Amino acid sequence: MDYVIEMLNIRKEFPGVVANDDITIQLKKGEIHALLGENGAGKSTLMNVLFGLYQPEQGEIRVKGEKANINGPNDANRLGIGMVHQHFMLVDTFSVTQNIILGSEPTSKGHINLRKAEKEIQELSDRYGLAVDPRAKIRDISVGMQQRVEILKTLYRGADVLILDEPTAVLTPQEIDELGDILKSLIAEGKSIILITHKLKEIMNMCDRCTVIRRGKGIGTVNVPDTTVDELASLMVGREVSFTTEKKPAEPKETVLEVKNLVVQDSRKVDMVKGLDLDIRAGEIVGIAGVDGNGQSELIEAITGLTKAQSGSIKLTGKDITNLSPRKVTESGIGHIPQDRHKFGLVLDFSVGENIALQTYYQNPNSKYGMLNFKNIYKKAGELVEQYDVRTSGLHATAGSMSGGNQQKAIIAREVDRSPNLLIAAQPTRGLDVGAIEFIHQKLIEERDKGKAVLLVSFELDEILDVSDRIVVMFDGKIVASRKPEETDENELGLLMAGSSSEKVGDTQ
Amino acid sequence: MMSNRMFNILVPIISVILGLIAGAFLMIGFGYNPIEGYGALLNGIFGDAYVFGETLRQVTPLILTGLAVAFAFRTGLFNIGAEGQVFIGWLAAVWVGLAIDAPAFIHIPLAVIAAAVAGALWGFIPGLLKATRGVHEVIVTIMMNYIALYSTNAVIRYVLTDSRDSTDTIPDSVSLRADWITTMTTGSRLHYGILIALFAALVMWVVINRTTMGYEMRSVGFNQHASRYAGMNVKKNIILAMVISGAFAGLAGAMEGLGTFGYMSTQSGFSNLGFDGIAVALLGANTAPGVILAAFLFGGLKIGALSMPLQAGVPNELVDIIIALIIFFVAASYMIRWVILRFSKEGRK
Ligand SMILES: Nc1ncnc2c1ncn2[C@@H]1O[C@H](COP(=O)(O)OP(=O)(O)OP(=O)(O)O)[C@@H](O)[C@H]1O
Ligand SMILES: [Mg+2]
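**Considerations on the coordination of the magnesium ion (ligand 2)**
Geometry reference: four tetrahedral donors at a metal, ideal angle 109.5 degrees. Six octahedral donors, ideal angles 90 or 180 degrees.
All names here are of chain A.
Piece 1. Here the magnesium ion (ligand 2) is held by the protein donor atoms Ser 44 (OG) and Gln 86 (OE1), which lie 2.0 to 2.3 Å from it. Residue Ser 44 is located in helix 1 (residues 43-50), and its partner Gln 86 is located in the loop between strand 6 (81-84) and helix 3 (96-101); the two are separated by 42 residues in the primary sequence.
Piece 2. We classify Ser 44 as partly exposed; its relative accessible area is 21%.
Piece 3. Owing to a relative accessible area of 15%, Gln 86 belongs among the buried residues under this scheme.

Here it is, written out as structure tokens:
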């Protein structure tokens, strides 16, 4: 059997944790190989070892049957290995082309030949159907496009083997389908791919084989056609996982959030929320379904005080909170799990403990008379880390050293623990493993049952249908329909999200 | 894997040793005996009460400017303006020293506070411009250095005196010097200011590491978006950080005005206290204890070097090069960091 890449008995330690313990993964030529494991299982670490970012303590890497010494990304590139990281590494203010050639600029007589590079990139993009504009600035293109730029970057450097670390976590359902097509065309051109994902359906749809790791240990490799979603899930977690969330019917009470005729602009001064009305009552979970970019982010930012509303009003338990500062909004009883965890949710250079105190550091018992009480801060952090099963290499380790999913869990622990009257959860389970998703959904429902209001924004209709007591569809800055989850399905929601007039599908609002 | 803390201690030490080795080769190359040379250097730092007193005297303002730069660093800001803040603080201290008549226990605190406030004001302006207009603090602080240099000269010449190049000497009631210290160190200019500097280091450590204020300023330095999300006032914290940083540098000016010199004269160029503060902060890994140690090293080298031409015959120019080499290696510590990482990787294979 010819393998393009073999990683044999790899071991990698960090201070306090063994991230990889005797893991073996073998990649066949022309296959899409899934790498599956819980949050913090060691997937990103293993791939960083392959990409030369970390040196393993033990084990051997073979490329096309020959033992390879990979000391850094440059070695990896030379061996035809390219990687798209979980969190992108692009320079915002540079163009697509500038980002792609960064570090391997084509020069003639000491000058960078941008024209030539642009042409090459255009050709590559056309060949694999990526539809990337080589001249666009990174900050002006969508996350999905940025990801394609990362893929192009690896292709430009001549990669035969592509490592994609949770590429679909940041994509909308449409973009995921498109990515699937791109991967197929890459395989058709003779590339091989390692794909990390938590979404079992994607593995079933896209992949040929799947290697499972659990808590740093290799569990084994299965042929995807011979397995089922349930088997994969239990292999990964080590127990049975339920996919639908158990819950009692909601008992909505008084109105908690009351949004009236709200207008919000984005940073370019374009109206994104256009006269929106929304009520959420105590004891219910309202899910907002919608295609990304229809004003969901702006709505949340206006409610939480991060952006000023142009007009309209927002009331929380009867009190006007329109355009209050974020601190005032938080104190009036709102919790916010932000969509972008690296931008808003965490200070990556702060320790895990300091991050968990991010909303409460100035309050008793975390501080008194302006002096921090680290004993209490770390005690509380320790409790939450335990309770929410956040896996870290220690409370004093930086948040940046946590795995992506565990960063998310830390934010959720911080926000849910305050038990706010209104909990806003934007993509709360993005990048989480199935076990963790189950747990987070239960937590949201628990809050509801305590009589709190929950606003859930998700691009995943499964999640919306599963968890919400009431679904509202947001399109072009407005709520265009309201449905009970048991009275609708993905098809109808999909149509509504695409803006087909709600009379046709029978509005109930 | 080496812990971060170990690393932060090891890197500066290796840098200094490498600098000394390079200096030794240089001396050999020019036909001087490095053992004699460094012997003279050590002698010039610790040799007798006088030189040791002078060393401590030199260390005092360096601790304060080092703290100023380190404090800004820890909050994500780069204060190149310590130089100007020193001048403004110096002027303010001397001015208050001359203008008021009061008993020492009022006069000294008043003059010291005036220096801190003046330095803080000089930090406030770049802080304000950064927070409200997004102007980079490096550019503004450099400009503010020149404004400070020439406006202090103008004030000395036309406000505090009648076209003279130096102010009067401050009265005893506001001087930080003490007879017993001068006698003990056989005539050095050492003064009480060293205690103020050490206390300031304690303040910096507490503020940065232990207060909610420091937590906010560090948070804003790392990630403004997350800080806003957490309800912090980003603008206020940027300004506050520059103000505190400036206050430390202003205090360094008070050390010169109320301690070392007892007056202020017009300057033809920068004192370098502020620029050396950058190197001190870098070498001290931007922590308060690190800054104290680094200031000792820098102050020591400065004063000790004075003995090298006399005692070992090493010419002044060469001494300056050796000092510069050590600073170079310190500044290049990122390179040393990289080499260590590289080696600890190789060792594992
Ligand atoms: N640079 C680092 N320093 C210390 N510990 C680290 C570092 N990087 C990862 N870890 C630890 O190693 C373990 C594995 O992390 P890794 O990022 O590989 O997980 P993962 O499988 O990619 O998880 P996720 O699905 O959440 O992204 C975690 O416990 C993490 O805290
Ligand atoms: Mg990961």
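**Considerations on the packing of helix 4 (residues 82-99) of chain B against helix 11 (residues 234-260) of chain B**
Residues and elements named next belong to chain B.
Piece 1. Following both chains from N to C, one finds helix 4 and helix 11 inclined at 50 degrees, their axes separated by 6 Å at the closest point. One element, helix 4, and the other, helix 11, form an angle in the oblique class. As for the relative orientation of helix 4 and helix 11, their crossing is right-handed in sense. Here Ala 82, Gln 85, Val 86, Gly 89, Trp 90, Ala 93 and Val 94 of helix 4 lie close against helix 11, whose contacting residues are Ser 245, Gly 246, Ala 249, Gly 250, Ala 252, Gly 253, Ala 254, Glu 256, Gly 257 and Leu 258.
Piece 2. The residue makeup of the contact of helix 4 with helix 11, split by class, is 9 nonpolar, 7 polar and 1 charged.

**Thoughts on helix 2 (residues 34-46) of chain B**
Residues and elements named next belong to chain B.
Piece 1. The end-to-end C-alpha distance of helix 2 is 18 Å, a good match for the 18 Å that 13 residues give at a rise of 1.5 Å each.
Piece 2. If you check which residues of helix 2 are buried, you get Pro 34, Gly 37, Tyr 38, Ala 40, Leu 41, Gly 44 and Ile 45. Along the axis of helix 2, the buried residues cluster in a sector spanning 150 degrees; they form a single face. Set apart from the buried face of helix 2 by more than 90 degrees, the exposed residues are Ile 35 and Phe 46.

**Here's the deal with the packing of aromatic side chains**
Piece 1. This structure, assessed with the given rule, holds 18 aromatic pairs over all chains.
Piece 2. Aromatic rings pair up to connect Phe 87, Trp 90, Tyr 146, Phe 261, Tyr 263, Phe 270 and Phe 275 of chain B into one cluster.
Piece 3. Of note, Arg 327 of chain A hangs over the ring of Tyr 362 of chain A, and the distance from its end group to the ring centre comes to 3.8 Å.
Piece 4. Just above the ring of Phe 261 of chain B sits the side chain of Arg 189 of chain B; from NZ or CZ to the centre is 5.8 Å.

**With respect to the sheet that holds strand 14 (residues 271-281) of chain A**
Residue and element names in this part refer to chain A.
Piece 1. Read across the open sheet, the 4 strands follow the order 14-13-16-17; overall the sheet is antiparallel. Looking at which strands have only one partner, the edges of the open sheet turn out to be strand 14 and strand 17 (319-320).
Piece 2. Where strand 13 (residues 255-265) and strand 16 (residues 309-316) come together, 6 bridges link them in antiparallel fashion. Within strand 16, the position partnered with Leu 257 by the bridge is Leu 316.

**With respect to the packing of helix 3 (residues 49-74) of chain B against helix 8 (residues 193-210) of chain B**
All names here are of chain B.
Piece 1. For the pair helix 3 and helix 8, interaxial distance at closest approach is 8 Å and the crossing angle is 15 degrees. In terms of axis orientation, helix 3 runs roughly parallel to helix 8. The element helix 3 and its partner helix 8 pack so that their crossing is left-handed. Counted together, Leu 56, Val 59, Thr 60, Ile 63, Leu 64, Leu 67, Ala 70, Phe 71 and Arg 74 of helix 3 and Gly 193, Ile 194, Ala 197, Leu 198, Ala 200, Ala 201, Met 204, Val 207, Ile 208 and Asn 209 of helix 8 form the full contact between these two elements.
Piece 2. Grouping the amino acids of the contact of helix 3 with helix 8 by side-chain chemistry returns 15 nonpolar, 3 polar and 1 charged.

Calculation rules
- Residues numbered from 1 in each chain as written.
- Chains lettered and ligands numbered in written order.
- Predicted model: local features only at pLDDT ≥ 70, side-chain atom pairs only at ≥ 80, totals over all residues.
- Heavy atoms only, no water.
- Donors = N, O, S within 2.8 Å, 3.2 Å for Na, K, Ca; no water.
- Helix = DSSP H or I, 4+ residues; strand = E, 2+ residues; numbered from the N terminus.
- Buried < 20%, exposed > 50% of the residue type's maximum accessible area, 1.4 Å probe, protein only.
- Axes fitted to C-alpha atoms, helices over the stretch in contact; angles between N-to-C directions.
- Parallel < 35°, antiparallel > 145°, perpendicular 65-115°, else oblique.
- Left-handed = near helix turned anticlockwise from the far one by under 90°.
- Contact = heavy atoms within 4.5 Å.
- Nonpolar A, V, L, I, M, F, W, Y, C, P; charged D, E, K, R; others polar.
- Expected span 1.5 Å × (residues − 1).
- Arc of directions from axis to C-beta.
- Phe/Tyr/Trp six-rings, centres within 6.5 Å; stacked < 30°, edge-to-face > 60°.
- Lys NZ or Arg CZ within 6 Å of the ring centre and 35° of its normal.
- Pairing = 2+ DSSP bridges.

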